[in-house]
Structure formats: C-alpha cells, structure tokens
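The chain contents come next:
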Amino acid sequence: MDIKIAPSILSADFCNLQSELEAVRSADLVHVDVMDAHFVPNLTIGAPVVERIAQVSPLPLDVHLMIDSPDLFALDYAFENVENIAFHLAACHAPIRLARKIREKGIKACCALNPAMGLEGVLGILSEFDSVLIMSVEPGFGGQKFLASQLLKLSRLKKEAEDRGLDIKIEIDGGINKQTIGPACRAGADILVAGSAIYGEKDRARAIKELREIAERA
Ligand code: DX5
Ligand code: ZN
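(A) A look at helix 9 (residues 204-217). The end-to-end C-alpha distance of helix 9, which contains 14 residues, comes to 20 Å, matching closely the 20 Å that a straight helix rising 1.5 Å per residue would cover. Looking only at helix 9, the buried set comprises Arg204, Ala207, Ile208, Leu211, Arg212, Ile214 and Ala215. Along helix 9, the residues classed as buried sweep out an arc of 165° about the axis, all on the same side. Facing away from the buried side of helix 9 by over 90 degrees, the exposed positions are Arg206, Lys209 and Arg217. Elements in contact with the buried residues of helix 9: strand 1 (4-7), helix 1 (17-22), helix 7 (181-187), strand 8 (191-194) and helix 8 (196-199).

Listed below in structure tokens is the structure:
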C-alpha cells in the first residue's frame, strides 16, 4: 500500500526548526499547521515563517490552514516546495473557486473537515480536490485523543471515491500513533499526519519507521 507519513511540526522544537526538519527526512511530507486564534483557539505561524520552512525543508510541505477566510489568505502560502494546501470547508466562502486557484499554482488542493462535519458538503465537489483531510481531533492542539468516530466517515468517503473512479487521497490528522494508525489505514487513509507520536519521541526516524511498518502491514 502506498501511504504517506506526514510529521506535524506543531510538536517540534520551534527554536530548532531546521534540525527538526532534517530529523524527519525519512517521512514523505512535512505537515505545517497554520492557526489564527479565530478559527481555532490557538496561534502558530504565518506566511513568512512557512516560506522559510519551505526553503529549508528536505521534504515538500503539507500546509494545513486552520484560519478564517482562507478565500483571502490561502494563496499567501503558495510557495515553491509546498505540495498541498488544505483549508477548512467550514471557514471557506467559495471552496470551488479557492481550490481552482490553488491548483492553478501547481499545488494540490485539499478540503479539510472538522469532526462534527458530515461528508455532504464535500461529496458534490469532490472532483475539485486532490485530497480530503479528515480531522480526527477537534482542530487546534497536538496531543489529543483520536476520535474513532471518524473512521466510519473515512471509509464512506473512500468507498464513494472508488465507486465514482475519483483519484482522491484521504488524509487523517489528529491522534495518530502506533495504536490508531492501523485502523486508520484499514479504513482507507492514504496520508497519515502524526505530531506528538513522532516529535514526542527522542528518535524521530525510528518513530517514523515504526509507524510506517504498522501502516504497511494494516
Ligand atoms: C491539530 C493539528 C494537527 C496536530 C496533530 O489541530 O491539525 O496537525 O499537530 O497532532 P497529534 O498528532 O499530536 O494529534
Ligand atoms: Zn494539522
């Protein structure tokens, strides 16, 4: 199975980002959480810092925007070495227009869903996106407990995409660790985000290897 592991630097040491990026080079993508203290009750980093991270990261970036009005700000993150931009459907006024603008920049567009959101809003516009990000915790913080309720949503989405012959990747974000990565993969996840399960371990490369082994066996 062709899965991708995306360490979330939310749990990294922000004073040593360059070495923290090097430490996860055996992964596939680097997940960067942008929070604005409005859409979520936490504040992280903005475009100038993401730009530098994109420049020094050995891996392409998966930018996860947890912000209000992504319609106005998402393209500020369209840097070289950014592979995906995810924005939340709940915060977006014109998701089709925004997804098209992101894709015009040669970047993959990803539609993110909060745990309480059903699939209804995205099913009719699936072909506008390269991936859907299913939040398996309430967005805003690392280190929260995995919401198993999201697995059913994930498998339904997988089936729907397969039935319609759509090449949509499914990303899952929140509470992914050695216990939860197997069930997430079996439900159909393609991209697994893990913050505390990787940066909470002294040996980041080993944590990635262990997660990958479990995912590939699932
Ligand atoms: C939470 C962020 C996640 C977070 C995941 O809102 O979107 O990317 O870093 O952290 P863990 O893996 O610790 O749940
Ligand atoms: Zn995230």
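(B) Looking closely at the site of ligand 1. In the vicinity of ligand 1 lie 20 residues, with Ser8, Gly140, Asp173, Gly195 and Ser196 positioned nearest. Measuring from an oxygen atom of ligand 1, one finds a side-chain N or O atom of His31 at 3.3 Å. Here ligand 1 has 380 Å² of accessible area as a free molecule, and 100% of this is covered by the chains. Broken down by element, the shell around ligand 1 gets its largest block of residues, three residues, from strand 2 (residues 30-35). Class assignment of the residues belonging to the shell around ligand 1 gives a composition of eight nonpolar, 10 polar and two charged.

(C) Examining the packing of aromatic side chains more closely. According to the stated counting rule, one finds one aromatic pair in the structure shown. Here the aromatic rings of Phe87 and Phe129 are separated by 5.9 Å at their centres, their planes lie at 50°, and the arrangement is tilted. Pair noted here: Phe87 is in strand 4 (residues 82-88) and Phe129 is in the loop between helix 5 (120-123) and strand 6 (131-135), with a separation of 42 residues, a long-range link. Across this residue pair, the class does not change: Phe87 and Phe129 are buried.

Rules used throughout
Residues numbered from 1 in each chain as written. Chains lettered and ligands numbered in written order. Predicted model: local features only at pLDDT ≥ 70, side-chain atom pairs only at ≥ 80, totals over all residues. Heavy atoms only, no water. Helix = DSSP H or I, 4+ residues; strand = E, 2+ residues; numbered from the N terminus. Expected span 1.5 Å × (residues − 1). Buried < 20%, exposed > 50% of the residue type's maximum accessible area, 1.4 Å probe, protein only. Arc of directions from axis to C-beta. Contact = heavy atoms within 4.5 Å. Near = heavy atom within 4 Å. Polar contact = N/O pair within 3.5 Å; in protein donor to acceptor, adjacent residues only side chain to side chain. Areas by Shrake-Rupley, 256 points an atom, 1.4 Å probe, with all protein chains shown as cover. Nonpolar A, V, L, I, M, F, W, Y, C, P; charged D, E, K, R; others polar. Phe/Tyr/Trp six-rings, centres within 6.5 Å; stacked < 30°, edge-to-face > 60°.

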